[in-house]
Amino acid sequence: MKQLLQKYRHAWILLYGFIYLPWFLYLEKHVTRDYYVLHTKLDDLIPFSEYFIIPYFLWFLYVSAAILFFFFKDRQDYYRLCVYLFTGMTLSLIICTVFHNGTDLRPTVDPEKNIFSWMVWKLHQADTSTNIFPSVHVFNSIVVHVSVMKSEHFKNRRFVRTFSLVLAFSICMSTVVLKQHSIVDVMGSILMAYGLYPVIYGHQYVREQGKAFTLRRSA
């Protein structure tokens, strides 16, 4: 037992869940009115489709699978992924704490239409339309895909890299098609992922920028 605990001692960082979940549930319970509504004209042009509930729920499997893979296969990539995820999730909570926000985009859904509509209806029962900026669904999907693309384990796995891209894009798209988020939330998540990238990847980011500069000079 002692050897097992020693081998997997890096699991300690997952205790972050005991910080995130109570904080998030607190916001869900207390931010129910007097919040800034995020709603743009572009949101109105995006059609609703209950079928996108599938990639929306696949987010849970996508993020969990990535964490578990790196947990067992590559401790450095595991720590990098977790720090990237948890930093953005914390920033999202801070933003929602000081800037109460929500949306009014959700349509009325008939749970008896089909199984997908029922799933959307159940989602609406469990999840409020507040604390949406920036979208954690979008941010985490981007971060997981970046981690897959940067990992040496998937360097020559074109199928995995392509599948990750398609799934991440589908999840991001599902947030606005299901009217769970405004396009503003998506853009906020993209900017946050972009801003944190050089912090998380450090020397790799510097090396990439150097290569890009060299290519521009030689062009």
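Residues numbered from 1 in each chain as written. Predicted model: local features only at pLDDT ≥ 70, side-chain atom pairs only at ≥ 80, totals over all residues. Heavy atoms only, no water.

### Focus on the environment of Ala193
Move 1: Positionally, Ala193 belongs in helix α9 (residues 183-201).
Move 2: Residues Ala193 and Phe139, 54 residues apart in the sequence, show an inter-C-alpha distance of 6.2 Å.
Move 3: Ignoring sequence-local partners within four residues, the contact set of Ala193 consists of Tyr84, Phe139 and Ile142. (Helix = DSSP H or I, 4+ residues; strand = E, 2+ residues; numbered from the N terminus. Contact = heavy atoms within 4.5 Å.)

### Here we look at the layout of surface pockets
Move 1: Counted as a void, the largest pocket has a volume near 910 Å³.
Move 2: Residue lining of the largest pocket: 39 residues in total, with Tyr20, Phe24, Trp59, Phe60 and Val136 positioned closest to the centre.
Move 3: For the lining of the largest pocket, the elements supplying multiple residues, two or more each, are α2 (17-30), α4 (53-73), α5 (75-98), α6 (115-126) and α7 (136-150).
Move 4: Top contributing element to the lining of the largest pocket by residue count: α4, with eight residues.
Move 5: Here the lining of the largest pocket is composed, by residue class, of 25 nonpolar, eleven polar and three charged.
Move 6: Approximately 280 Å³ is the volume attributed to the second largest pocket.
Move 7: Lining the second largest pocket are 15 residues, with Tyr62, Ala65, Ala66, Val148 and Phe163 sitting closest to its centre. (1 Å grid on protein atoms, 1.4 Å probe; cavity = no way out; pocket = protein on both sides within 12 Å on 5 of 7 lines; lining within 4 Å. Points joined across faces, edges and corners; volume = space filled by probe spheres on them. Nonpolar A, V, L, I, M, F, W, Y, C, P; charged D, E, K, R; others polar.)

### A closer look at unusual backbone geometry
Move 1: The step from Phe133 to Pro134 runs through a cis peptide bond, and the omega angle for that step is -10°.
Move 2: The backbone phi angle of Asp34 is positive, close to 55°, even though this residue is not glycine.
Move 3: Inspection of the secondary structure assignment puts Asp34 in the loop between α2 and β1 (36-37).
Move 4: Look at Asp34 and you get exposed, because its relative accessible area is 72%.
Move 5: Of note in this structure, Lys179 is not a glycine but carries a positive phi near 65°.
Move 6: Within the secondary structure, Lys179 sits in the loop between α8 (158-177) and α9. (Buried < 20%, exposed > 50% of the residue type's maximum accessible area, 1.4 Å probe, protein only.)

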